Amino acid sequence: MRDIIIFGGQSNMQGQTEALVKEPPVAGACEYLYATDSFRPLTNPVGEDFDPYILASAYGFGSMVPSFCRAYVGETGIETVAVHASKGATIISEWARGGERYAFALKKIKAAVAATRDVGKIYYVWLQGESDALAGTSESDYAAALTSYAAALKQDVGIDLFGIIKVGYFAKTVKGDAPADEVIMRAQEKTAVADGFAMLTDICPALSLDPAYLNPIAAGHYNNEGQRLIGETAGRKLGVIRKRG
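Parameters and conventions
Numbers given to residues run from 1 along each chain, matching the order in which its sequence is written. pLDDT decides what is reported in this predicted model: residues at 70 or higher carry local features, side-chain atom pairs at 80 or more are listed and counted, and totals for whole chains, interfaces and linings draw on all residues regardless. Side-chain descriptors were evaluated using all non-hydrogen atoms of the structure, hydrogens and water having been removed beforehand. Residues are said to line a cavity or pocket when one of their atoms sits within 4 Å of a point; the points come from a 1 Å grid over protein atoms alone, cavities being sets where a 1.4 Å probe fits but cannot get out and pockets being open sets with protein on both sides within 12 Å along at least five of seven lines. Grid points are joined across faces, edges and corners, and a volume is the space filled by probe spheres set on the points. Under the DSSP-based scheme used, a helix requires at least four consecutive residues in state H or I and a strand at least two consecutive residues in state E, with every element numbered from the N terminus. Gly is placed with the polar residues, together with every amino acid not listed as nonpolar (Ala, Val, Leu, Ile, Met, Phe, Trp, Tyr, Cys and Pro) or charged (Asp, Glu, Lys and Arg). Think of it in three bands: with a 1.4 Å probe and only protein chains considered, a residue is buried below 20% of the maximum accessible area for its type, exposed above 50%, and partly exposed in between. A strand pair is defined by DSSP finding two or more bridges across the two strands. As a rule, the C-alpha atoms of each element are fitted with a line to give its axis, helices using only the stretch in contact, and angles between N-to-C directions run from 0 to 180 degrees. If an angle is under 35 degrees, it is roughly parallel; if it is over 145, roughly antiparallel; if it lies from 65 to 115, roughly perpendicular; otherwise it is oblique. Working rule for handedness: look at the near helix, and if it is turned counterclockwise from the far one by less than a right angle, call the crossing left-handed; if clockwise, right-handed. It only takes one pair of heavy atoms within 4.5 Å for two residues to be counted as in contact. Every case where a carboxyl oxygen of Asp or Glu lies within 4 Å of a side-chain nitrogen of Lys or Arg is listed as a salt bridge.

K.L.:
Is there a simple way to think about empty space enclosed by the protein in this case?
P.N.:
Empty space among the atoms becomes apparent when a probe as large as a water molecule is rolled across them. The tally for this structure, following the rule as stated, stands at one cavity of 30 Å³ or more. What lines the largest cavity is simply Trp95, Tyr102, Ala105, Leu106, Ile109, Tyr124, Tyr149 and Leu153. When contributions to the lining of the largest cavity are tallied by element, the ones reaching two or more residues are α3 (100–115) and α5 (139–156). The element that contributes the greatest number of residues to the lining of the largest cavity is α3, accounting for four residues. When grouped by side-chain class, the residues that make up the lining of the largest cavity number eight nonpolar, no polar and no charged.

K.L.:
Honestly, the pairing of strand β6 (residues 161–165) in this entry has me stumped. Any pointers?
P.N.:
Here β6 lies mainly inside the structure; five of its five residues are buried. The side-chain alternation of β6 yields two buried faces, one formed by Leu161, Gly163 and Ile165 and the other by Phe162 and Ile164. Bridging between strand β5 (residues 119–127) and β6 involves four bridges; their strand directions are parallel. Along β6, the bridge assignment pairs Val125 with Gly163.

K.L.:
What is the right way to look at the packing of helix α2 (residues 65–76) against helix α9 (residues 224–243) in this model?
P.N.:
Between two packed helices, the angle of one axis relative to the other and the distance separating the axes together describe the packing. The N-to-C vectors of α2 and α9 enclose an angle of 30 degrees; their axes lie 7 Å apart at closest approach. Between α2 and α9, the angle falls in the class roughly parallel. The interaxial crossing formed by α2 with α9 has right-handed handedness. Across the interface between the two elements, Ser67, Phe68, Ala71, Tyr72, Glu75 and Thr76 from α2 touch Arg228, Gly231, Glu232, Ala234, Gly235, Arg236, Leu238, Gly239, Val240, Arg242 and Lys243 from α9. Of the residues that constitute the contact of α2 with α9, the class distribution is six nonpolar, five polar and six charged.

K.L.:
What is the right way to read the environment of Val174 from this model?
P.N.:
Summarising the element assignment, Val174 is placed in helix α6 (residues 171–175). Overall, Val174 belongs to the partly exposed group, its relative accessible area being 46%. The sequence separation of Val174 and Ala219 amounts to 45 residues, and the corresponding C-alpha distance is 7.1 Å.

K.L.:
In this structure, what is going on with the pattern of salt bridges? I would like to understand it.
P.N.:
Close approach of charged atoms allows side chains with opposite charge to pair. Applying the stated rule across the entire model yields 11 salt bridges. The salt bridge involving Lys190 is made with Glu139; its shortest N-O contact spans 2.5 Å. Taken together, the residues span a long stretch of sequence, with Lys190 in helix α7 (residues 178–192) and Glu139 in helix α5 at a distance of 51 residues. The shortest N-O distance in the salt bridge between Lys166 and Glu189 comes to 2.3 Å. Of this pair, Lys166 sits in the loop between β6 and α6 while Glu189 sits in helix α7, and the two are 23 residues apart along the sequence. The exposure class assigned to Glu189 is partly exposed, which follows from its relative accessible area of 34%.

What follows is the structure, given as structure tokens:
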């Protein structure tokens, strides 16, 4: 049995760090590649470039995906397939069902499911909202869009859970507008308590204000250490949820 974990969102999920960290592949995990309908050992860099729909880790550098899966496999002992389907600088409405980005991501996800033998659980993990903070998306509009998006994935893919990584401060960094970030945070917090959702970690607000975890060459983005910590924390939490059944 292998579980499938889909990683969606914008640049901090896509991966926009300062360098490539050389690490051995994650034991018990692999990454699905849509371009070749194949699997490869899971290690950075992750993802595939299918512009304008989804992109691989920026500059071929790091992301949280290997750390997340390492923690998940360590917690559960279950082999895992990672499906990277993210793109930076996107607002949530660009991911809505009916749009071209949703349609392309859905093709990749469905292909991964079809190629995976003996599928166990299918989880979707979401880190997004920075661009919505900049755009001034309201709390109610963001929550409604997130709920609708998860419902579409449940119907079209059969995801077992929509996991949220609570967004950090971005508008505060870019234009000094912390309240705009907090609007998105509140929307995510309220959505995460609904059936079919889970908050996997809420550490990003603190990390996004700590230079030790930030990419010095890309404002508002996490460095490799930040990505590692986010991935480990969220992956472990999803693993605990998985063990509960």
